[in-house]
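The chain contents come next:
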Amino acid sequence: MAAVKVINHTPFVPRLPKDVPLPPSPAESTKPPPPVKKKTRKSKAREKEKEKITESVQEKKHGVQVNEKEKEKDKHDVSEREPLKPLTWTSLTDSNSNSNPPIFTKDGSHFFSIVGERIKIHSTSSGKVVSTLPGPQDDGHKDIITSAILSAHNAFQLITVSLDGTIKIWDFLEGILLLTINLDQPIHHVCAHEKIKDYVFVATAKAKKKGSSDADGAEQPKPTRPTKASSDESCIILRVSLKPQNPASGAKWHKSSQVTPVGKTRYTAGLAVSASGEWLIAVAGHKAYVAQVSALKSGFTKYVSPEALTCLAVHPLEDYFATGDAKGVVRLWYCLNQGRPNVANVEKRSQTSMLHWHAHAISSLAFTTNGAYLLSGGEEAVLVIWQLHSGKREFVARVGSPIKSVVVSCGSAAEEEYLLGLADASFAFVSSATLKLSRVFSRIKLDSVTSSAWASSSSTTPLAVHSLSSTLVLPSSHPSSLQTYSPSSSVLVAELEVSPSNRVSRQEEKMLEPSRVERVVISSSGEWMATIDRREGDESFRGEIYLKIWWWDKKTAFWILNTRVDRPHGLEKVTSMSFNPSDDIQLVTTGEDRNVKTWRIRSTKDKKGNVEVSWTSRSSFGFRAEMPRDSAWSPDGSLLAVALDSSVALYDSISNALYFTIVCSGCEKISSLHFIGQHGQYIAVLGGANLVVCDIVKRSVRWHRRNSQPYVTLVPHPYQDTFATIHHLPSHTNNGLTVYSVSSSTPLLSQMLPFGIRNLVWYPSLSGSVLSQTFSLVGITHAFGVVLLGHDISITDGAGSSSKALRKGLAVPKRSLFEEMFGVPALTDVPHNAVPAAIDTTLPWKSSETGRVFDAPAYLMPPMESLFESLICGFLKLRTKEDVGEECQSGVQDTVVDIPAEPVDTEEPAFVEMVKVSNDVILETFVPFFKDIADSPDYLSHTNRQASSTLSTTPASQPAKPLPRTIASQKANPPASSKKQASTPSIPTKAGKKRSRHSLG
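For clarity, every value in this text was computed on a predicted model and none was experimentally measured.

Scoring rules and cut-offs
Residues numbered from 1 in each chain as written. Predicted model: local features only at pLDDT ≥ 70, side-chain atom pairs only at ≥ 80, totals over all residues. Heavy atoms only, no water. Helix = DSSP H or I, 4+ residues; strand = E, 2+ residues; numbered from the N terminus. Buried < 20%, exposed > 50% of the residue type's maximum accessible area, 1.4 Å probe, protein only. Contact = heavy atoms within 4.5 Å. Areas by Shrake-Rupley, 256 points an atom, 1.4 Å probe, with all protein chains shown as cover. Salt bridge = Lys/Arg side-chain N within 4 Å of Asp/Glu carboxyl O. UniProt positions renumbered as here; feature names shortened; annotations may be inferred. Disulfide = S-S within 2.5 Å. Pairing = 2+ DSSP bridges. Axes fitted to C-alpha atoms, helices over the stretch in contact; angles between N-to-C directions. Phe/Tyr/Trp six-rings, centres within 6.5 Å; stacked < 30°, edge-to-face > 60°. Lys NZ or Arg CZ within 6 Å of the ring centre and 35° of its normal. Core = buried A, V, L, I, M, F, W, Y, C linked by side-chain atoms within 4.5 Å. Polar contact = N/O pair within 3.5 Å; in protein donor to acceptor, adjacent residues only side chain to side chain. pLDDT = per-residue confidence, 0-100. Patch = residues over 30% accessible without salt bridge, like charges linked within 9 Å, V, L, I, M, F, W, Y side chains within 5 Å.

### Details of the overall build of the protein chain
Broken down by element type, the protein chain carries 10 helices and 63 strands. Here the protein chain holds 1001 residues, and the buried ones make up 43% of them. Sequence-distant contacts, at least 24 apart, represent 50% of the contacts inside the protein chain between residues at least 6 apart. For the protein chain, the exposed area adds up to about 56,700 Å²; of that, 53% sits on carbon and sulfur atoms.

### What about the pattern of salt bridges?
One pass over the full model with this rule turns up 11 salt bridges. Glu-536 serves as the salt-bridge partner of Arg-534, at 2.4 Å between the closest nitrogen and oxygen. By relative accessible area, Arg-534 is classed as buried at 8%. Since its relative accessible area comes to 34%, Glu-536 is described here as partly exposed. A salt bridge links Arg-629 to Asp-645; the nearest nitrogen and oxygen atoms lie 2.5 Å apart. Taken as a pair, Arg-629 in the loop between strand 46 (611-621) and strand 47 (630-633) and Asp-645 in the loop between strand 48 (639-643) and strand 49 (647-652) lie far apart in primary sequence, 16 residues in all. It is possible to trace a salt-bridge network through shared partners that takes in Glu-518, Arg-534 and Glu-536.

### Some remarks on the UniProt feature "repeat: WD" (unreviewed entry) in the protein chain
This chain's UniProt record puts "repeat: WD" (unreviewed entry) on residues 138-180, 355-396 and 574-609. Taken end to end, residues 574-609 is 0% helix and 58% strand, and its first and last C-alpha atoms sit 37 Å apart.

### Considering unusual backbone geometry
Following Leu-133, the chain continues to Pro-134 via a peptide bond in cis, the omega torsion being 0°. As for its placement among the helices and strands, Pro-134 is situated in the loop between strand 6 (129-133) and strand 7 (145-150). With phi around 60°, Asp-184 is a residue other than glycine that occupies positive phi space. Note on placement: Asp-184 falls in the loop between strand 10 (176-182) and strand 11 (187-191). Note on Asp-184: relative accessible area 4%, which makes it buried. With a phi angle near 55°, Ser-490 is a residue other than glycine that sits in the positive phi range. Look at Ser-490 and you get buried, because its relative accessible area is 15%.

### A word on the state of the cysteines
Counted by the stated rule, this structure contains zero disulfides. As a non-bridged cysteine, Cys-667 has Cys-664 as the owner of its nearest cysteine sulfur, 6.1 Å distant.

### Considerations on the sheet that holds strand 38 (residues 516-522)
Pairing is antiparallel in the open sheet, where four strands are placed in the order 38-39-40-41. Looking along the sheet, the strands with just one partner apiece sit at the ends: strand 38 and strand 41 (558-566). Pairwise comparison of adjacent strand axes, ignoring direction, gives a mean angle of 25° for this sheet. In terms of strand pairing, strand 40 (residues 544-553) meets strand 41 through eight bridges, oriented antiparallel. When the bridges of strand 41 are listed, Leu-547 appears paired with Val-565.

### Structural notes on the pairing of strand 31 (residues 437-441)
In the sheet, strand 30 (residues 427-431) pairs with strand 31 via four bridges, with the strands oriented antiparallel. In the sheet register, Ala-428 faces strand 31, and the bridge partner there is Val-440. Count of turn residues in the strand 30/strand 31 antiparallel hairpin: five residues, of which Leu-435 carries a positive phi of about 55°.

### What to know about the packing of aromatic side chains
Each pair of aromatic rings is reported with the distance of its centres and the angle of its planes. Considering all chains together, one arrives at 20 aromatic pairs under this definition. Relative to Trp-333, the ring of Phe-321 has its centre 5.9 Å away and its plane inclined at 5°; by these criteria the two rings are stacked. With Phe-321 in strand 20 (residues 321-325) and Trp-333 in strand 21 (residues 329-333), this pair connects stretches of sequence that are 12 residues apart. Residue classification places Phe-321 among the buried residues on the basis of a relative accessible area of 0%. Feature note: the residues Phe-104, Phe-111, Phe-427, Phe-429 and Phe-441 constitute an aromatic cluster, connected by ring pairs. The aromatic ring of Tyr-199 is capped on one face by Arg-239, whose charged end is 4.6 Å from the ring centroid. Over the face of the ring belonging to Phe-429 we find Arg-439, whose NZ or CZ atom lies 4.2 Å from the ring centre.

### As for the environment of Ser-765
Counting through the fold element by element, Ser-765 comes out in the loop between strand 59 (757-762) and strand 60 (776-781). Judged by relative accessible area, which is 27%, Ser-765 ranks as partly exposed. It is 8.6 Å that separates the C-alpha atoms of Ser-765 and Phe-775, two residues lying 10 residues apart in sequence. Among all residues touching Ser-765, those that are not within four sequence positions of it are Ser-776 and Asp-792.

### Points about the sheet that holds strand 27 (residues 393-396)
Taken in spatial order, the four strands line up as 24-25-26-27 in an open sheet, and their pairing is antiparallel. The sheet is open, and its two borders are formed by strand 24 (362-367) and strand 27, each paired with just one other strand. Strand-to-strand twist across the sheet, computed as the mean angle between neighbouring axes with direction ignored, equals 20°. Where strand 25 (residues 373-378) lies against strand 26 (residues 383-387), four bridges are found, and the strand directions are antiparallel. Within strand 26, the residue paired with Leu-374 across the bridge is Trp-386.

### Overview of the nonpolar core
Grouped together as the largest cluster of nonpolar side chains are 18 residues, with contacts concentrated most on Ala-641, Val-648, Leu-650, Leu-673, Ile-683, Val-685 and Ile-696. Of all the secondary structure elements, the ones that give two or more residues to this core are strand 48, strand 49, strand 50 (658-663), strand 51 (672-676), strand 52 (682-687) and strand 53 (690-695). Those residues in contact with Ala-641 that lie beyond four places of it in its chain are Asp-630, Ser-631, Ala-632, Val-648, Ala-649, Leu-650, Leu-673, Phe-675 and Ile-683. Within the second largest apolar cluster, 17 residues are counted, among which are Leu-753, Ile-757, Leu-777 and Leu-789.

### Remarks on the environment of Lys-302
Inspection of the secondary structure assignment puts Lys-302 in strand 18 (residues 301-304). The spatial distance from the C-alpha of Lys-302 to the C-alpha of His-286 is 9.7 Å, given a sequence separation of 16 residues.

### Considering the pairing of strand 40
With respect to burial, strand 40 is a largely interior element, eight of its 10 residues being buried. When strand 39 (residues 528-535) meets strand 40, the two strands line up antiparallel, connected through eight bridges. Following the sheet pairing, Asp-533 is matched in strand 40 by Tyr-546. Linking two consecutive strands that pair antiparallel, namely strand 40 and strand 41, is a turn of four residues; a positive phi of about 55° is found at Ala-557 within it.

### Some remarks on the side chain of His-141
Considering the arrangement of structural elements, one finds His-141 in the loop between strand 6 and strand 7. The class of His-141 is buried, set by a relative accessible area of 4%. At 2.8 Å, the side chain of His-141 and the side chain of Thr-160 are in polar contact. Side chain to side chain, His-141 and Asp-164 meet in a polar contact 3.4 Å long. If near-sequence neighbours (up to four positions away) are discounted, His-141 is found in contact with Glu-117, Thr-160, Val-161, Ser-162, Asp-164, Thr-166 and Lys-168.

### Here's the deal with the confidence of the model for the protein chain
In the predicted model, the protein chain carries a mean pLDDT of 77, and 67% of its residues have values of at least 70. Here residues 1-14 is modelled with pLDDT under 50, and outside its nearest four sequence neighbours on either side it reaches zero contacts, counting other chains as well. Low pLDDT, under 50, characterises residues 949-1001; the stretch is placed with 41 contacts to residues that sit more than four places away or in other chains.

### A look at a nonpolar patch on the surface
On the surface, Phe-926, Phe-930 and Ile-933 cluster together into a nonpolar patch covering about 250 Å² of accessible area. Relative to the elements of secondary structure, Phe-930 occurs in helix 7 (residues 919-935).

### A short note on the side chain of Arg-705
Mapped onto the elements of the fold, Arg-705 is located in strand 54 (residues 700-706). Exposure remark for Arg-705: the relative accessible area of 18% places this residue in the buried category. Reaching out from Arg-705, the side chain makes a polar contact with the side chain of Tyr-740 at a distance of 3.3 Å.

### Some thoughts on the environment of Ala-192
Following the sequence through the fold, Ala-192 ends up in the loop between strand 11 and strand 12 (199-205). A sequence separation of 82 residues divides Ala-192 from Ser-274, and the C-alpha atoms of the two residues are 9.9 Å apart. Ignoring anything within four residues of it in the chain, the contact list for Ala-192 reads Ile-149, Tyr-199, Val-200 and Val-273.

Here it is in structure tokens:
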């Protein structure tokens, strides 16, 4: 009898009759079941083959191919590995920066900048963010803030409007929200006037309401708004009362007690009230809309412009306004005193005057506080100062980036300043006295609009990490420059102009092709950096491409150009570039000319024996007629891997001998490859939607995965056998992030990112360890923002990352007339006009390098006042108390001169605080000083000579003028101070002469 194998045996349990189910209905066929046959070796082999076939079919459905021998090992490794947590991310750049003009406080000590859904409060003196609205205890705007103004009746309140349809009033001193008024319509502009109390004018977009509620305090509805403002969108101008309907309800938001429609316009480019408060002005499209505030029901009077209007500014003293248009023309409109027409909503023409210099559209206009000058700025990156009564103009050129906004500081400072909001998220202050840049505040200089236009023809975005300084090397606002940014301190360290170029953006409507930096790579030691900058040719200009190698100067902490190679691969593009991580450093480049070139360091000596280091070509080779698209070095630098069309070739780093090739049959065009892990046993290859992991020891493909969407980039973990990939998603706006291990094609982590990635590199985390499996990445998004991704993100957003109460009295005090003439008083140890100390990022002068500063031509050198302080500090060393104590201990004693002590009044202190000293006291203190000068013999003799000459030249008919009474009285009765000065002993000087203690010399 054959043995029966029992599977899943359970003990027998007797059942009761009620638990026995009814028998099923009989089937049509009552054939007995086939007998159980004993499994033979052939049947077992057939079953295994069937299982393999089904597994391979399932793997092909999922796009995965894995070697069978390592399948059990892979499952074991995956089960032992801990699952990774999703990566968090933070943005290092601000969205929509400088798209709205900043707002100064009344005293000019701070200014507000709109950043997305937040308001940042900056210090005018240092540029640092001191506070942010809203605070954690308040509900801020749910959408982008479009405009903000100071309250016309309370200088410590800020009014903001947003696309979420709300008006919010803030107390920015305490950092709290006071009131929220909901209009249920997206708001684009807001304006107010001190003569119109408790009312503001807003420009709202026409949008349909969804689920609006009449009861205050209900859940705030989300209005439907257009995703992007366009010139075809229409707006409605409303006068809104800031008094809520039911203020005692205690709700989070309220309805306005009164909303008065004024008229309908196209999408508004500006909204303002005239200086007298009698006229409301709006510009939209090709028209300027004017309405009388006292008769808003009459609607707007339209004045036609020949070009589309882009900005608006009203005169601070008189009733006229200025507009800028798309052709760069500034027009002054004198139409506010013509009287209101009898018929509403009519089109008229007005008397205007025209000012024209700009070649492109004007972005912003602003009048000075006295109304004598008009400021204009635009795409040319030039600030133009117009003198209105004469039509003359002055220029502040090369401010660094296109000007988005111009604001005049109206604080109590002695000197008026102009604040420029630049397109690269920088703020630049211009002195009105010198018409030069006084200071510039910036974090990361990236212009999303300009960079996207320039990057449309370039497939690569440069990005690298410098290990010695822990900084990022990023593209700057102009494609021919690079910038160095420190994420730990949130400071822009330096900007490097790789390719000197003209900053003119375009001629007419055609964009000029600039020289752009396409690739940047830094050696593992941090001592060398290589860049590729290229400029496309056209009918009249031949294309250029340069390989530049830079050396890191540790003394100056800056990159210095060492070697330039013209056309390293002819006129063809360079497809990849990387440094050898070993001590015998090499640089490899691959190009579309189908060549692989290596470069090495060459040392030469000049006649004086000085060693000069430069880079030269080492070798050039290729693989058949295939194009190399990427290259990578093994972790120890012994192997060079080159990505070809559908295979990977491995070469010896010293002899360039070909070891072997690994064919990736499922990957037709390989775009990138990387060594994985510290030992470099595996290579990960990307090509379209294919991901292949190869084992170079076994010279075979370990596994292959086909994704539904193409891959963008791959970043290996420097210490573990894992790597992260970025791939496209069907939405085309977001990307997906996936983490794999070389042991399995099953992802360890898969998540969606709310942005697209252009380039991604590994960023060493300060808290990371060698054994850690966490990731730390930095990337550049499609909108040219810089984001930091990882498991342990700890980046300081500055002092103003949260809302804080501002201290009153931080404004820079205005200098008196006496201080303007004679300087600040020196009667206190507290510095006058003190500002919060900022971190000095300037580099100190080295004594050995000081002499070389003056070798440059005079017209190329900076002004001496900018070099004096740092230059003198390089020569002189500040003596501290410790230095004096060491000299005394070493036996060095100063020569002591016995001087009789003067009587000192001990009832009053020698120095008092500045807050306790008035200007009258300061003047009374200097009265004896001037009396001493007036009583001196030289002054008296000079005065007598002037008097005698006056007597001799006086006509006989006129009596002689007597001496001043004060001088005559002083000659008869000398003051006590002069007697004291006569009895004061003198101190011998080095030259042997005697000098009075009260003398000026």
